[in-house]
There are 2 protein chains.
Amino acid sequence: MTRPCILCAAITGSVARKEDNPAVPITVAEQVESLQDCFEAGAAIAHCHVRNDDQSPSADPETFARLMEGIRKHCPGMIVQVSTGGRSGVGAVRGGMLPLCPDMASLAVGSNNFPTRVYENPPDLVDWLASEMQKYDVKPEIEAFDLSHIFQAVTMARDGRLKAPLYVQFVMGVKNAMPADRPSFEFYVQTLKRIAPDAEWCGAGIGRHQIEVNEWSMALGGHTRT
Amino acid sequence: MTRPCILCAAITGSVARKEDNPAVPITVAEQVESLQDCFEAGAAIAHCHVRNDDQSPSADPETFARLMEGIRKHCPGMIVQVSTGGRSGVGAVRGGMLPLCPDMASLAVGSNNFPTRVYENPPDLVDWLASEMQKYDVKPEIEAFDLSHIFQAVTMARDGRLKAPLYVQFVMGVKNAMPADRPSFEFYVQTLKRIAPDAEWCGAGIGRHQIEVNEWSMALGGHTRT
Ligand SMILES: [Zn+2]
Ligand SMILES: [Zn+2]
Ligand SMILES: [Zn+2]
Ligand SMILES: [Zn+2]
């Protein structure tokens, strides 16, 4: 039997602006339209960020609610994954949309450097986000920006802070964090199989590393992320 | 020819207090006495932290100067490595002792979680500490708390921010960071050999993992840290 490969479409993120690329969907209407194209092309998961009117990143629950409503209407059955990443706010603000019960939410379980700053995910915030996800029955996608994050997710699953089976995304190619390195990618996959054999995983390469990391992922039996 | 194994003695750190263990050397006089024992027992590097009178961690250059003077006098030839770790201060304070020109200094090149907080090493602070080390001819010991930190150190060496050959310490067993995991340790060693073949390295296990990680290190041709 062929194993299906999940395609997760991340269309907006929190960085790129119209000035950088006029095709970036920013408003809810633009995002829904773009996600409908993705959905019709075979994407199963919509990885969602929302923006303020000035295009700056936001975690506003009301905007997320409108986006989720649009996706449900125009992409029936598409899995909605909201970002709880740190670019859209600080502290509990990052999880303010979880009571909307999206299907999934991203969850960073450790800290690391980003191009110009520390990506701060302090242990108490991680635990709070994880508990909110359990409360609202939201499936976390673990964002593994480094090797220890894989171990941390498995530790959290073992002591009940996360529900198994885990879904882990290996993120590579962020400046000052893990580069896109094939042997490390393979070691990530081996490690996850060793310590959490029932986990599913996907590879995400940032920027110019996107296709490369998706190819590694498909070759090794994982899922993909645009 | 037998390859010598360097033993680095870390006697004080920034956490343990007399209440935890009356044998912890806190004052400069206690530290010099303890380091003399280590030196006579074969330790080649003294990894140094200083404390305030109330035992709280400090980065006070004057206290470091007195400690260095004591080590030079009582342990002639012992390599002095000062800590620039984040428990003893925030920002540039962490490098305030570098103008004393110690032989070595610890250098974290990335961020990660610690048991209760984020160990923050923002890119600009890392670059500043590295440049101060070049300025005062201080050899950095890279503290690799995660896999990406190895890559980051090699990137910094390639673009001139660090001087090759690198000396890298693999730190394992910190809660919420990398656990003491033998396959990961071996992958660390392999990775460093692959991307920086001239580097030297040592293993440091925290707390109850100390002996275990030192044994792995010796078995694989690395150096050790108490
Ligand atoms: Zn995202
Ligand atoms: Zn994904
Ligand atoms: Zn130290
Ligand atoms: Zn060492």
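All of these numbers come straight from a predicted model, not from anything done at the bench.

Draft legend 1. Representation of helix 5 (residues 182-195) of chain A. Taking 1.5 Å as the rise per residue, helix 5 of chain A with 14 residues should run 20 Å; its terminal C-alpha atoms sit 20 Å apart, in good agreement. When helix 5 of chain A is considered as a whole, its buried residues turn out to be Ser 184, Phe 185, Phe 187, Tyr 188, Val 189, Thr 191, Leu 192 and Ile 195 of chain A. Along its buried surface, helix 5 of chain A packs onto helix 4 (147-158), strand 10 (167-172), strand 11 (200-205) and helix 6 (210-219) of chain A together with helix 4 (147-158) and helix 5 (182-195) of chain B.

Draft legend 2. A look at the packing of aromatic side chains. All names here are of chain B. Under the defined criterion, the tally for this structure stands at 17 aromatic pairs over all chains. Ring centres of Tyr 119 and Phe 145 lie 5.6 Å apart, and the angle between their planes is 80°; this geometry places the pair in the edge-to-face category. Taken as a pair, Tyr 119 in strand 8 (residues 118-119) and Phe 145 in the loop between strand 9 (139-144) and helix 4 lie far apart in primary sequence, 26 residues in all. Just as Tyr 119 is buried, Phe 145 falls in that class too.

Draft legend 3. Summary view of the side chain of His 209 of chain B. All names here are of chain B. As for its position among the elements, His 209 is in the loop between strand 11 (200-205) and helix 6 (210-219). By relative accessible area, which is 14% here, His 209 ends up buried. Within the structure, His 209 has its side chain in polar contact with the side chain of Glu 212 (distance 3.2 Å). Leave out the neighbours within four places in its chain, and His 209 touches Gly 173 and Ala 180.

Draft legend 4. Up close: helix 1 (residues 28-40) of chain A. Residue and element names in this part refer to chain A. Under the 1.5 Å per step criterion, the end-to-end length of helix 1 is 18 Å for 13 residues, consistent within 8% with the ideal 18 Å. Of the surrounding secondary structure, the elements contacted by the buried residues of helix 1 are strand 1 (7-10), strand 2 (45-48), strand 3 (50-51) and helix 2 (61-74). Looking one or two residues past helix 1, Gly 42 carries a phi angle of roughly 115°, positive in sign.

Draft legend 5. Highlighting the pairing of strand 11 of chain B. Residues and elements named next belong to chain B. Summarising burial for strand 11: five of the six residues are buried, a large majority. As paired elements, strand 10 (residues 167-172) and strand 11 share six bridges and run parallel to each other. Bridge pairing in strand 11 links Gln 169 to Cys 202. Once the chain exits strand 10 it traverses helix 5 before rejoining the sheet at strand 11, and the crossover so formed is right-handed. Taken together, strand 11, helix 6 and strand 12 (residues 223-225) form a β-α-β motif whose crossover is right-handed.

Draft legend 6. Summary view of the relation of the copies chain B and chain A. Least-squares fitting of chain B to chain A yields an RMSD of 0.0 Å, with the superposition described by an axial translation of 0.0 Å and a rotation of 180°. Both copies are brought into coincidence by an operation consistent with a two-fold rotation axis. In terms of proximity to the rotation axis, the leading residue of chain B is Asn 112 of chain B, whose C-alpha is 2.6 Å off the axis. Interface overlap between copies is the fraction of interface residues in one copy that are interface residues in the other; for chain B against chain A it reaches 100%, indicating a shared surface.

Draft legend 7. Structural view of the coordination of the zinc ion (ligand 2). Residue and element names in this part refer to chain A. Distances from the zinc ion (ligand 2) to its protein donors, Glu 141 (OE), Gln 169 (OE1) and Cys 202 (SG), fall within 2.3 to 2.5 Å. Every donor residue of the zinc ion (ligand 2) comes from the same chain, spaced as E-x27-Q-x32-C. One end of the pair, Glu 141, is in strand 9 (residues 139-144); the other, Gln 169, is in strand 10, with 28 residues separating them in the sequence. Just as Glu 141 is buried, Gln 169 falls in that class too.

Draft legend 8. Structural context of the pairing of strand 9 of chain B. Residues and elements named next belong to chain B. The buried count for strand 9 comes to five of six residues, which makes it a mostly enclosed element. Pairing of strand 9 with strand 10, which is carried by three bridges, proceeds in the parallel orientation. Residue pairing in the sheet places Ile 142 in a bridge with Val 168 of strand 10. The parallel pair strand 9 and strand 10, bridged by helix 4, forms a crossover whose chirality is right-handed.

Draft legend 9. Expanded view of the coordination of the zinc ion (ligand 4). Residues and elements named next belong to chain B. For the zinc ion (ligand 4), the full set of protein donor atoms is Glu 141 (OE), Gln 169 (OE1) and Cys 202 (SG), and the range of their distances to it is 2.3 to 2.6 Å. Spacing between the donor residues of the zinc ion (ligand 4) along their common chain follows E-x27-Q-x32-C. Taken together, the residues span a long stretch of sequence, with Glu 141 in strand 9 and Cys 202 in strand 11 at a distance of 61 residues. Each of the two residues, Glu 141 as well as Cys 202, counts as buried.

Draft legend 10. Summary view of the side chain of Ser 14 of chain B. Counting through the fold element by element, Ser 14 of chain B comes out in the loop between strand 1 (7-10) and helix 1 (28-40). Ser 14 of chain B has contacts with His 49, Arg 51, Pro 57 and Arg 87 of chain B, leaving out every residue within four places of it along the chain.

Draft legend 11. Structural detail: the environment of Gln 31 of chain B. Residue and element names in this part refer to chain B. Topologically, Gln 31 is positioned in helix 1. Residue Gln 31 is classed as buried on the basis of its relative accessible area of 1%. Separated by 39 residues in the primary sequence, Gln 31 and Gly 70 have C-alpha atoms spaced 8.9 Å apart. Once residues within four sequence positions are removed from consideration, Gln 31 is found in contact with Ile 11, Thr 12, Pro 25, Ile 26, His 49, Val 50 and Leu 67. Engagement of the side chain of Gln 31 in a polar contact is seen with the backbone oxygen of Ile 26, the distance being 3.3 Å.

Draft legend 12. Local environment of the nonpolar core. Among the nonpolar cores identified, the biggest contains 112 residues, and Phe 170 of chain A together with Phe 170 of chain B are the most heavily contacted of them. Apart from the residues lying within four places of it in its own chain, the contact partners of Phe 170 of chain B are Ala 144, Ile 150, Phe 185, Tyr 188, Val 189, Leu 192, Trp 201, Cys 202, Gly 203 and Ala 204 of chain B.

Draft legend 13. A look at the pattern of salt bridges. For the coordinates displayed, the defined rule picks out 20 salt bridges over all chains. When the shortest N-O distance is used, the salt bridge between Arg 17 of chain A and Glu 19 of chain A registers 3.0 Å. When the shortest N-O distance is used, the salt bridge between Asp 181 of chain A and Arg 194 of chain B registers 2.8 Å. Here Asp 181 of chain A is found in the loop between strand 10 and helix 5, whereas its partner Arg 194 of chain B is found in helix 5 on a different chain. Judged by relative accessible area, Asp 181 of chain A falls into the buried class, the value being 9%. Given a relative accessible area of 39%, Arg 194 of chain B falls into the partly exposed group. Here the salt bridges share partners, and the residues they tie into one network are Asp 127, Asp 159 and Arg 161 of chain A.

Parameters at a glance
Residues numbered from 1 in each chain as written. Chains lettered and ligands numbered in written order. Predicted model: local features only at pLDDT ≥ 70, side-chain atom pairs only at ≥ 80, totals over all residues. Heavy atoms only, no water. Helix = DSSP H or I, 4+ residues; strand = E, 2+ residues; numbered from the N terminus. Expected span 1.5 Å × (residues − 1). Buried < 20%, exposed > 50% of the residue type's maximum accessible area, 1.4 Å probe, protein only. Contact = heavy atoms within 4.5 Å. Phe/Tyr/Trp six-rings, centres within 6.5 Å; stacked < 30°, edge-to-face > 60°. Polar contact = N/O pair within 3.5 Å; in protein donor to acceptor, adjacent residues only side chain to side chain. Pairing = 2+ DSSP bridges. Right-handed = clockwise from strand over helix to strand, strands pointing away. Least-squares fit on C-alpha atoms with pLDDT ≥ 70 in both. Donors = N, O, S within 2.8 Å, 3.2 Å for Na, K, Ca; no water. Core = buried A, V, L, I, M, F, W, Y, C linked by side-chain atoms within 4.5 Å. Salt bridge = Lys/Arg side-chain N within 4 Å of Asp/Glu carboxyl O.

Interpretation in functional terms is not warranted from these geometric data alone.
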